[in-house]
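Commentary on secondary and tertiary structure
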Amino acid sequence: MQIALKQPPKPIAEIPSSETIGLDLMVHKVWNSLDDESVGVIGLYGMGGAGKTTLMKRIQNELQTRDHSFDLVLWVVVSRDCDINKLMNDISNKLGIDEGFWNRCTQDQRVATIYDRLKGKKFFLMLDDLWGKLELEAIGVPDPKKNNKSKVLFTTRSEDVCGKMQSQKKFKVECLSEDDAFDLFCKKVGDETLKCHSEIPKLAHEMATECRGLPLALITVGTAMAGVNKYEAWMVAKNNLRSSHWTNSDFEDKVFHILKFSYDKLPDEAHKKCFLYCALYPEDFEIDIDGLIDRWIAEGFLYKDDISIYDMYNQGKSVTEKLILSCLLEEGIGTTNHFHRRYKMTIKMHDVIRDMALWLARDEDKNKDKVLVQGEVFSMTKMDSKRLNAVERISIIISESLDINLNLPTCPNLITFCFSSQQMLLGYYPILSTNFQSLKRLRVLDLSYLSSLKLISPEIGELINLEFLNISGTYVYQLPIGLKKLINLRVFLMNDMRKNHEVIQFEGIESLEQLKVFRYSRDQSYGSVVQGEISLLEKLESLPNLEELSIELTSFTSGQRLFHSTKLRGCSRHLSLYWKEKDTLEMSSLLASMSEMTHLECIHLLWICGLVDGSSVTEKCHLGKLRQVRIHGCGSITHLTWLRYAPLLEYLVVCYCYSIEHMVKEAKEDEEIGSESKKDNMFTNLKELCLSNNPKLVSIHKRALAFPSLRRIVVYSCPNLKKLPFNSSFASKDNLVAIEGGTKWLDNLEWDDTIIEQSLRPKFQHG
């Protein structure tokens, strides 16, 4: 078939482009990938407005001045619905194919035509704004790696598109640093405006900070302020920017509507509702993923009659991963208090994304009273009944010690009410006044870590639609009789309950027949509460729908009661055992019970004096769901070889174990296993390892392990631990953040290879 050609366009056309401040390193990485013969497909991903397209435009424009060997350079914008015909038409135009000839071709002929033009040539195809997998051969584009070392570079908002496109290299385009952000903002404002008043540069810096490094926001706001010469006008603009949360129409049109495309492309309404819900948390807040999923379940976003609570948790984790891949959420740093707190995986929401989410949750600000967060709540006393009727969700999460009085007015349509602290704050005495009888529709009630909360009003029984109740971290010592009326309660959380002189009374809990999740622990243990625990376990065992139990037990008798209950073993997710009785408990016996806890994710063993090694661990030990282990003050055990049976283990803390010599023993145990697979899989998911006050500890593992996920290792007062089981392969990885320990211990570590020491020494953090 003869192909008619028109005069081809200029080989590399310059594309108008905005500033690329702060992108030099990323440009360098992309150029290195273009020079790498093993790379055919390169993905640039990041949130909307982060500068992905700007970066790719700079790459194209630099092709005019850099030496390269491409025969063809093509830039094509992929429509959001990925219209294949439009895409092929654009490529045809770029290739200079005669329009009349093209229009006479069938679809197959068009594919063949593009393929004939590209095969045998070294092409560079740039695809801007890709939203899903694109089959290159379906549009006539040869496999770039098999075609003269050609290249395909694309931008996307979703990291998983990089995987679907099988990109050999992918780079995340991050928001700008504070200095680069201010530089970009100033360039858009202009020197003339900045020099109009001595205070304007200071205000400009504050406004740039509000943009949180997002180039699209910086460009939009900076351009809007260009030519604004009056100091007073800058003050008004700064205050509006800070108080209105980006709700001026210009910002909505140019930023929110652009960012909204990522939201619109989420798979279903469940993902969208879960995303918008994250805006209930404060700016820069580290959101505990498990706690967030609890709330999603209670809100009904993940709830279905035919799936278990664990299926809902898995679905919730899948949603968070999708939101992260879509660059609508970011991974948080997690808990940093290694020795005293359960490790928590967290996520964060970029401030501009959060403002966009609030804008959407409020029906694009057509219903501003629908969702009230943080300080907005305290203006409710000025609302009339019409505005109060519109309120559906209220959230205040305190991060500092403040005395706050909140008198919640009547909100008949309120679904979610959160008035809590993010942690145990000393000197924090919030006072809440409300009439539960006026909150008939309330589904979620979170009063966690309110230090002034000691009693719950009997009127709570009027909340007949309540599905989620969180009173963790409070001084509540008695549950009201009205609790029995909460016939729809599914999730009841009582973690970290504070010191009380009386044993908590759990009367009425056996009436909560719809309860699926129950969690109870104390921030410290005081004396023996055996009888209260046995009674609680019996009540929980009677609940017909209980699926998840997280509980702290403070006696050997209570532990045995749990171990001998088929139902409670099957429900156990987090288990904390804390007793000082000298009853002997063999580790093998405990492991046998743990193996029957098919949903066990977290085990804490604290000051169990009678815990001993016992008989050898056998193949019957199954800890396939275990992710967190904390062993504290169990002085008789000498090793933790059973950890090899926990392939998903992420977080391990061992401290004040005065007899422990090896974390994982070898030799005889390896012969029993008779398989290399368990050794190969050992600690492959471990992220945090914390060791303290283990004077006899000699080794973690005698041979080097891969540790592909390890981010941090913390070691204090373990003088005989002189070597770490790392090899050169591990040393070359980027995932390790820090090796933290005492100065003397770090300086005297022994290494089999000086290259390993040189690679890891920059990660040392001296305690």
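For the structure, see preceding data.
Just so we're clear, the structure is a prediction, and the values are computed from it rather than from any experiment.

1. Quick notes on the overall build of the protein
The helix and strand tally for the protein stands at 26 helices and 28 strands. Looking at the protein residue by residue over its 767 residues, the buried ones come to 54%. For the protein, the exposed area adds up to about 33,100 Å²; of that, 47% sits on carbon and sulfur atoms.

2. Let's talk about helix α15 (residues 309-325)
The end-to-end C-alpha distance of α15 is 24 Å, a good match for the 24 Å that 17 residues give at a rise of 1.5 Å each. Along α15, the residues that are buried comprise I309, Y310, M312, Y313, G316, V319, T320, K322, L323 and I324.

3. Focus: the sheet that holds strand β3 (residues 123-130)
With respect to topology, 5 strands assemble into an open sheet ordered β2-β3-β4-β1-β5, the strand pairing being parallel. Unpaired on one side and paired on the other, β2 (72-77) and β5 (169-172) mark the two borders of the sheet. Shown here is a sheet whose adjacent strand axes are inclined to one another by a mean of 15°, direction ignored. Of the strand pairs in this sheet, strand β1 (residues 41-45) and β5 are connected by 4 bridges, and their pairing is parallel. Residue pairing for β5: L44 is matched across the bridge by F171.

4. Here's the deal with the packing of aromatic side chains
Going through the model one piece at a time under the given rule, you end up with 15 aromatic pairs. A ring pair is formed by F556 and W579, whose centres lie 6.1 Å apart and whose planes are at 90°; its orientation type is edge-to-face. Taken together, the positions of F556 in helix α19 (residues 556-563) and W579 in the loop between β19 (572-578) and β20 (585-586) put the pair 23 residues apart, joining distant regions of the chain. W579 shares its class with F556; the two are buried. The aromatic ring of Y263 is capped on one face by K272, whose charged end is 5.5 Å from the ring centroid.

5. Side note on the sheet that holds strand β8 (residues 346-348)
With antiparallel pairing, the 3 strands of this open sheet are ordered in space as β6-β8-β7. Pairing within the sheet leaves two strands with one partner each, and these edge strands are β6 (287-288) and β7 (330-331). Two strands pair when backbone bridges link them, and β6 and β8 are joined in this way by 2 bridges, in the antiparallel orientation. Following the sheet pairing, D288 is matched in β8 by T346.

6. Concerning the environment of I91
Along the chain, I91 turns up in helix α3 (residues 84-95). I91 gets classed as buried once you look at its relative accessible area, which sits at 0%.

7. Focus: the pattern of salt bridges
Counted under the stated rule, the structure contains 39 salt bridges. Between D24 and R58 there is a salt bridge, with the nearest N and O atoms lying 2.8 Å from each other. Separated by 34 residues along the polypeptide, D24 in helix α1 (residues 24-35) and R58 in helix α2 (residues 52-62) bring together distant segments of the chain. The class for R58 is buried, based on a relative accessible area of 18%. One salt bridge in this structure joins E740 and R712, with 3.7 Å as the shortest N-O distance. Taken together, the residues span a long stretch of sequence, with E740 in strand β27 (residues 738-741) and R712 in strand β26 (residues 712-716) at a distance of 28 residues. R712 shares its class with E740; the two are buried. Via salt bridges that share partners, D290, D294, R519, E548, R573 and E601 belong to a single interconnected network.

8. Considerations on helix α7 (residues 178-189)
The terminal C-alpha atoms of α7 lie 16 Å apart, and with 12 residues this matches the ideal 16 Å at 1.5 Å per residue to within 8%. Of the residues making up α7, those classed as buried are A181, L184, F185, C186 and V189. Once α7 ends, the next one or two residues include G190, with phi positive near 95°.

9. Structural notes on the nonpolar core
By size, the foremost hydrophobic cluster in this structure holds 128 residues, and its most contacted members are F124, L127, L153, F185, W234, F275 and W296. Here this core takes 8 residues from helix α16 (residues 351-361), the largest share from any one element. In contact with L127, not counting residues within four places along its chain, are M56, V76, V78, L134, L136, V152, L153, F154 and T155.

10. Brief notes about the side chain of S593
In this structure, S593 sits in helix α21 (residues 587-595). Apart from residues lying up to four places away in sequence, S593 is in contact with F563 and R569.

11. Quick word on unusual backbone geometry
The phi dihedral of D363 is positive, around 55°, even though this residue is not glycine. Mapped onto the elements, D363 comes out in the loop between α16 and β9 (371-373). Judged by its relative accessible area of 34%, D363 falls in the partly exposed class. A positive phi angle, near 45°, is found at F707, a position not held by glycine.

Rules of the game
- Residues numbered from 1 in each chain as written.
- Predicted model: local features only at pLDDT ≥ 70, side-chain atom pairs only at ≥ 80, totals over all residues.
- Heavy atoms only, no water.
- Helix = DSSP H or I, 4+ residues; strand = E, 2+ residues; numbered from the N terminus.
- Buried < 20%, exposed > 50% of the residue type's maximum accessible area, 1.4 Å probe, protein only.
- Areas by Shrake-Rupley, 256 points an atom, 1.4 Å probe, with all protein chains shown as cover.
- Expected span 1.5 Å × (residues − 1).
- Pairing = 2+ DSSP bridges.
- Axes fitted to C-alpha atoms, helices over the stretch in contact; angles between N-to-C directions.
- Phe/Tyr/Trp six-rings, centres within 6.5 Å; stacked < 30°, edge-to-face > 60°.
- Lys NZ or Arg CZ within 6 Å of the ring centre and 35° of its normal.
- Salt bridge = Lys/Arg side-chain N within 4 Å of Asp/Glu carboxyl O.
- Core = buried A, V, L, I, M, F, W, Y, C linked by side-chain atoms within 4.5 Å.
- Contact = heavy atoms within 4.5 Å.

Everything listed here is a matter of coordinates, which is why it stays silent on function.
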